[in-house]
Amino acid sequence: MIFAAVQIDTRRLRVFTTLSVVLFVAACATQQNELRDNQALRQSIFEAVPESWQNAVSSSREIAPLEISPELREFIHATVAGDSGGRDRMLAMLGAILDEDGVGLTYDPDATFTATETFRSGVGNCMGFSNLLVASARELGLNAKYELVSHRLRWDRVDDTLVGTLHVRVVGFVSGRKMVFDFYPLPLEPGSVAELLSDADAKAHHLNNLAAEAMRDGNAAEAYGLLYRAIEASPAVDFVWSNLGLLLLRHDMPSAAEAAFMEALAIEPDRMSTLSNLQRLYYLQDRDTEVEELAIRLEDHRQSNPYYHAWLGDEAFDNGDYEEAVGHFEDAIRLKRDEAFFYFRLSDSYEALGMRNAASRAYTKAQKIEEPRDVWRRLPRSRAETGSHIRD
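Residues numbered from 1 in each chain as written. Predicted model: local features only at pLDDT ≥ 70, side-chain atom pairs only at ≥ 80, totals over all residues. Heavy atoms only, no water.

Chemist: What is the right way to read the environment of Leu98 from this model?
Modeler: With respect to the secondary-structure elements, Leu98 resides in helix α5 (residues 86–98). The spatial distance from the C-alpha of Leu98 to the C-alpha of Phe183 is 9.9 Å, given a sequence separation of 85 residues. (Helix = DSSP H or I, 4+ residues; strand = E, 2+ residues; numbered from the N terminus.)

In structure tokens, the structure reads:
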């Protein structure tokens, strides 16, 4: 999972409730993030934060997502025959991770664990699963890599923050063939774009996830230490800088926050979450010209974004404004007609209004879109229930 956070200002809901005061989490092209020279900026921010935050950097334990413990190494070699073919070894390792007589891994969206932690606990999100499978496959001499998938972000509201989740999975390259291994509750929708992810970037994503959890729990110093280490691992992951900016903004360090947002935008100029977080900073500083400039840019993006309309629909539904929710979900459907989630939520809204025939029609449409993909049908039921999807 990849967290991005967006701060919400309910006093100016239209301006700020974009998919943007955002925490990105990773979880679910080779981001060959070029070596970016921002060490001076990192140091200047380090010098600006409280001493307790600085101490969190120096005292934080080393987190190695791919490190294999002796017991995990023993399990790998005891489970998988070393003389079998590459594809058979990859599938055998996957089975050992998922089957009940092996690790018996089950899905937990909050379990951002290293390979060894995932093995010991038997739970993981897509990041934990990917760490375990990549590390295990490489221990067997196989070519396994992380892959970052660009798909519909899931946005959850946590207090005054929107948390957006991306998805990481595993690819194996065996005898010229590419095998894809997903660990996710539902198959990803068609049209998702995937890019190989370097180990350094994957580590940054892992640490960013942990930082987002620390931010959610109010542990600011711990969150800063983790974000510092994430940037140290890979300096050009834009949303890590954006999350750092949000953390600094929340703790009354606006100059450092603005510098972090600007660095994020230098890496990825069109990241709406960063622009929205920056807009909030300008609003708090009464920088009206900058606020309005970003408002225009963000509003254009929002109105063309079906998931923004769906988010507004969810907000209206939660507030009991079911007619308004219907309008927002219909707007989302006009922009993207093949998203089952929109129809399910439209059905819920009609049902709340007592319009059962309309609710039934929307629900039926959602079911037709959500028919299982071929990759889903090819899995044993037990694996489908864990959220695992394999394709080669």
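Having seen the structure, we can now continue with the description.
Chemist: Even after reading the chapter, I still don't get helix α8 (residues 199–216), so can you show me in this structure?
Modeler: Within an α-helix, residues lying three or four positions from one another point in the same direction, as the helix has 3.6 residues per turn. With 18 residues, α8 should cover 26 Å at 1.5 Å per step; its first-to-last C-alpha distance of 26 Å lies within 8% of that length. Within α8, 14 of the 18 residues are buried, which leaves the element mostly enclosed by the surrounding structure. Gly218 lies just past α8 and shows a positive phi near 80°. (Expected span 1.5 Å × (residues − 1). Buried < 20%, exposed > 50% of the residue type's maximum accessible area, 1.4 Å probe, protein only.)

Chemist: So what exactly am I meant to see when it comes to empty space enclosed by the protein here?
Modeler: Empty space left among the atoms is revealed by rolling a probe the size of a water molecule over them. Within this model, the largest cavity holds a volume of roughly 40 Å³. Taken together, Arg42, Ile45, Tyr224, Tyr228, Ile231 and Leu244 make up the full set of residues lining the largest cavity. Elements with a contribution of two residues or more to the lining of the largest cavity: α2 (39–48) and α9 (220–233). It is α9 that contributes the most residues to the lining of the largest cavity, three residues altogether. Grouping the amino acids of the lining of the largest cavity by side-chain chemistry returns five nonpolar, no polar and one charged. (1 Å grid on protein atoms, 1.4 Å probe; cavity = no way out; pocket = protein on both sides within 12 Å on 5 of 7 lines; lining within 4 Å. Points joined across faces, edges and corners; volume = space filled by probe spheres on them. Nonpolar A, V, L, I, M, F, W, Y, C, P; charged D, E, K, R; others polar.)

Chemist: I keep staring at the confidence of the model for the protein chain and nothing clicks. Help me out?
Modeler: Do not read the predicted coordinates in detail wherever pLDDT is low. Confidence in the prediction for the protein chain averages 83 pLDDT; 79% of positions are at 70 or higher. Model confidence for the protein chain, summarised as mean pLDDT per element, is weakest for helix α1 (residues 13–16) at 28 and strongest for helix α6 (residues 115–121) at 98. Across residues 27–33, where pLDDT falls below 50, the model places 36 contacts with residues more than four positions away in sequence or in other chains. Low pLDDT, under 50, characterises residues 372–392; the stretch is placed with 54 contacts to residues that sit more than four places away or in other chains. (pLDDT = per-residue confidence, 0-100. Contact = heavy atoms within 4.5 Å.)

Chemist: Any chance you could explain unusual backbone geometry here in plain terms?
Modeler: Peptide bonds are mostly trans, and most non-glycine residues show a negative phi. Not every positive phi belongs to a glycine, and Ser175 is a case in point at roughly 50°. Relative to the helices and strands, Ser175 resides in the loop between β6 (161–174) and β7 (177–183). The class for Ser175 is exposed, based on a relative accessible area of 73%. The phi dihedral of Asp252 is positive, around 60°, even though this residue is not glycine.

Chemist: Whenever I open this one, the packing of helix α10 (residues 238–250) against helix α12 (residues 272–284) confuses me. Can you help?
Modeler: To characterise two packed helices, one gives the angle between the axes of the helices and the distance between these axes. Closest axis-to-axis distance for the α10/α12 pair is 10 Å, and the angle between their directions is 25°. Here α10 lies roughly parallel to α12, going by the angle between them. Of the two possible hands of crossing, α10 and α12 adopt the one that is left-handed. Residues Ser242, Leu246 and Leu249 of α10 touch α12, and the partners they reach there are Thr274, Asn277, Arg280, Leu281 and Leu284. The residue makeup of the contact of α10 with α12, split by class, is four nonpolar, three polar and one charged. (Axes fitted to C-alpha atoms, helices over the stretch in contact; angles between N-to-C directions. Parallel < 35°, antiparallel > 145°, perpendicular 65-115°, else oblique. Left-handed = near helix turned anticlockwise from the far one by under 90°.)

Chemist: Help me understand the side chain of Asn38 in this model?
Modeler: Along the chain, the position of Asn38 falls in the loop between β2 (22–26) and α2. The class of Asn38 is buried, set by a relative accessible area of 3%. A distance of 3.0 Å separates polar atoms of two side chains, one belonging to Asn38 and the other to Glu263. Those residues in contact with Asn38 that sit more than four places away from it in its chain are Pro235, Trp241 and Glu263. (Polar contact = N/O pair within 3.5 Å; in protein donor to acceptor, adjacent residues only side chain to side chain.)

Chemist: Could you clarify how one ought to interpret the packing of aromatic side chains in this entry?
Modeler: Aromatic ring pairs are defined here through the distance separating the ring centres and the angle between the ring planes. If you walk through the whole model with that rule in mind, you get nine aromatic pairs. Between Phe129 and Phe183, the ring centres sit 4.9 Å apart and the planes meet at 20°, which makes this aromatic pair stacked. Linking Phe129 in helix α7 (residues 126–139) with Phe183 in strand β7, this pair joins segments that are 54 residues apart in sequence. Summarising the burial analysis for this pair, Phe129 and Phe183 share the class buried. Ring pairs connect the aromatic residues Phe46, Trp53, Tyr224 and Tyr228, which therefore count as one cluster. One cation-aromatic arrangement involves Arg345 over Phe317; the distance from NZ or CZ to the ring centre is 4.6 Å. (Phe/Tyr/Trp six-rings, centres within 6.5 Å; stacked < 30°, edge-to-face > 60°. Lys NZ or Arg CZ within 6 Å of the ring centre and 35° of its normal.)

Chemist: Honestly, the packing of helix α4 (residues 70–79) against α7 in this entry has me stumped. Any pointers?
Modeler: Where α4 contacts α7, the two axes come as close as 10 Å, and the packing angle between them is 65°. Taken as a pair, α4 and α7 cross one another with a handedness that is right-handed. The residues of α7 that touch α4, namely those facing Leu72, Arg73, Ile76 and His77, are Leu132, Ser136 and Glu139. Partitioning the contact of α4 with α7 into residue classes produces three nonpolar, two polar and two charged.

Chemist: Teacher, can you tell me more about the nonpolar core here?
Modeler: Most often, soluble globular proteins have nonpolar side chains that are buried together. Of all hydrophobic cores here, the largest spans 49 residues; its most connected members are Ile45, Trp53, Tyr224, Trp241, Leu244, Leu247 and Leu248. Residue assignment for this core shows that the elements contributing at least two residues are α2, α3 (51–59), α8, α9, α10, α11 (254–267), α12 and α13 (288–303). Aside from chain neighbours lying at most four places away, what touches Trp241 is Asn38, Leu41, Arg42, Ile45, Ile231, Pro235, Ala260, Glu263, Ala264 and Ile267. Core analysis: the next-biggest nonpolar cluster, separate from the first, contains 36 residues, Ala96, Ile97, Ala115 and Leu197 among them. (Core = buried A, V, L, I, M, F, W, Y, C linked by side-chain atoms within 4.5 Å.)

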